[in-house]
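Next come the chains, spelled out residue by residue.
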Amino acid sequence: STMFTLPRRVAAVGCANHCFSNKLACGKLPRILNSVCCKNKKVTNLQSLYLGFVSFSTQSTPALMTAHQLRSVLDNRNDFRVIDCSPGGVAGYCRGHVPGSKLLPVSPDLKDGTTDLDMIRFDKFYETLGICDVALGKHHIIVYDDIGSLQASRFWWVARRYGIENVSILDGGWQMWCSEGLSVETNPPVYSNPKTYNSSSANRKILAALKENSKYVATIEDVHDASSDIKTKTIIDTRSYAEYVGEKQINRTSGHVPGAIWLEWKSLLKPSSNGVSVFLSKEEIKALAAERGIDEGSKDIIIYCQRAIRAAHAAFALELAGFSPKVYEGSMKEYQNS
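Residues numbered from 1 in each chain as written. Predicted model: local features only at pLDDT ≥ 70, side-chain atom pairs only at ≥ 80, totals over all residues. Heavy atoms only, no water.

For the rest of this paragraph, the subject is the overall build of the chain. Tallying secondary structure elements over the chain gives 14 helices and 14 strands in all. Taking all 338 residues of the chain together, the buried fraction comes to 50%. Taking the intrachain contacts of the chain between residues at least 6 apart in sequence as the baseline, contacts between residues at least 24 apart amount to 68%. Carbon and sulfur atoms provide 50% of the accessible area of the chain, an area that totals close to 15,500 Å². (Helix = DSSP H or I, 4+ residues; strand = E, 2+ residues; numbered from the N terminus. Buried < 20%, exposed > 50% of the residue type's maximum accessible area, 1.4 Å probe, protein only. Contact = heavy atoms within 4.5 Å. Areas by Shrake-Rupley, 256 points an atom, 1.4 Å probe, with all protein chains shown as cover.)

Written as structure tokens, this is what we have:
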């Protein structure tokens, strides 16, 4: 029978005559999910019942997806939305994209557009999700780009800061999709009406419940504090070596935060068997971190770059390996111009 992974909050629910674990066999749904559930009834459409109840579980979907996993999702599921975060705009999107994917209708940097020191406002980000036909609480989001998952990781981190954790990244992005010979589309972008989306009472309730998640965020004060206590806290600089040592100056001052460890974001990628850049494995990330002196057990890790784009990429990779980093959104644009 079909096996499907339920989130913990659902797996804790039981019904009369049925005991089950998080791996729930088709035909053994609790009453809260299926009013006709009983030991003599077989449920044949588990997916649609599940979709009507809760959002897709981050536990049941990998944070990093392969191209063939994504293809399977597109062929068999309707509770996913795919967003193209590539920086090429409409022209690049029309040259080719993953079937059914929506082009991110704002800059993939997802910055506030004024000081450039903070990320896109939540109301604007929420509206962007609506334009991309994403229903919070229903759809799992898969993002990709064509530059080593740099912008896709940025989307992932912004979403998480705003309390949206059901986001996965296509490993290898657009290049991997093409290298696997999977089908593509070239139609221009088509979007939903955000006014209709925002008027949904269900969406408004979910929006009201979402809170900014401060555990992913570091401020300039946090950076100063960590720099003065570098024996117990870790700061990671994900820029190029030239930026790190001050050979390349972009801001009023150059160099790096005192005590910061250099770990360029590109070092967290490797070429796959077909030459496409993909993320290092969990074990490889841990080994690289240990080589650079990054303690796996550290609870205080702050990552920065110039504008928190490369830093978000490193944060995603380190979290894959079990670390719990924060990203300094202001990064060197704030720190070296203050």
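Now that the structure has been shown, we can carry on.
Now for the pairing of strand S13 (residues 301–304). Taking every second residue as pointing to the same face, both faces of S13 are buried, with Ile 301 and Ile 303 on one and Ile 302 and Tyr 304 on the other. Two elements, strand S9 (residues 234–237) and S13, share four bridges in a ladder whose sense is parallel. Bridge pairing in S13 places Ile 236 opposite Ile 303. Here S13 runs beside strand S14 (residues 325–328); their pairing, made up of three bridges, is parallel. Directly across from Ile 303, in S14, lies its bridge partner Val 327. (Pairing = 2+ DSSP bridges.)

This brings us to helix H6 (residues 150–161). Taking 1.5 Å per residue as the helical rise, H6 with its 12 residues ought to reach 16 Å, and the 17 Å between its terminal C-alpha atoms agrees with that figure. Judged by how many residues are buried, H6 sits mostly within the fold: 12 of 12 residues are covered. Buried within H6 we find Leu 150, Gln 151, Ala 152, Ser 153, Arg 154, Phe 155, Trp 156, Trp 157, Val 158, Ala 159, Arg 160 and Arg 161. Positioned one or two residues after H6, Gly 163 has a phi angle of 85°, which is positive. (Expected span 1.5 Å × (residues − 1).)

What follows covers the pairing of strand S6 (residues 140–144). Each regular strand displays side chains that alternate between the two surfaces of the sheet. Taking burial as the measure, the five residues of S6 include five buried ones, the bulk of the element. Here S6 shows no split at all, with His 140, Ile 142 and Tyr 144 on one side and Ile 141 and Val 143 on the other all buried. Relative to strand S7 (residues 167–170), S6 runs parallel, the two being bridged by three bridges. Within S7, the position partnered with Ile 142 by the bridge is Ser 168. Running through H6, the crossover from S6 to the neighbouring parallel element S7 is right-handed. (Right-handed = clockwise from strand over helix to strand, strands pointing away.)

With that settled, the discussion passes to the nonpolar core. Formed by 55 residues in total, the largest nonpolar core has its most connected members in Ile 83, Phe 125, Val 143, Phe 155 and Trp 157. Those elements that place two or more of their residues in this core are helix H5 (122–131), S6, H6, S7, helix H12 (282–291), S13 and helix H13 (310–320). (Core = buried A, V, L, I, M, F, W, Y, C linked by side-chain atoms within 4.5 Å.)

Turning our eyes to something else, we now look at the packing of aromatic side chains. In this structure the tally under the stated criterion is 10 aromatic pairs. Look at Tyr 241 and Trp 262: their rings are 5.1 Å apart centre to centre, the planes differ by 65°, and that puts the pair in the edge-to-face class. In this pair, Tyr 241 sits in helix H11 (residues 241–245) while Trp 262 sits in strand S10 (residues 261–262), placing the two residues 21 residues apart along the sequence. Ring geometry for Tyr 244 versus Trp 262: centroids 6.5 Å apart, planes at 35°, classification tilted. On the criterion of sequence distance, the pair formed by Tyr 244 in helix H11 and Trp 262 in strand S10 is long-range, its members being 18 residues apart. Through successive ring pairs, a cluster of aromatic residues spans Phe 122, Phe 125, Tyr 126, Phe 155 and Tyr 162. (Phe/Tyr/Trp six-rings, centres within 6.5 Å; stacked < 30°, edge-to-face > 60°.)

Turning to the packing of H6 against H13, a few remarks are in order. For the pair H6 and H13, the least separation of the axes is 8 Å and the interaxial angle reads 75°. What the angle tells us is that H6 and H13 run roughly perpendicular. Here Leu 150, Ser 153, Arg 154, Trp 156, Trp 157 and Arg 160 of H6 lie close against H13, whose contacting residues are Arg 310, Ala 312, His 313, Ala 315, Phe 316 and Glu 319. (Axes fitted to C-alpha atoms, helices over the stretch in contact; angles between N-to-C directions. Parallel < 35°, antiparallel > 145°, perpendicular 65-115°, else oblique.)

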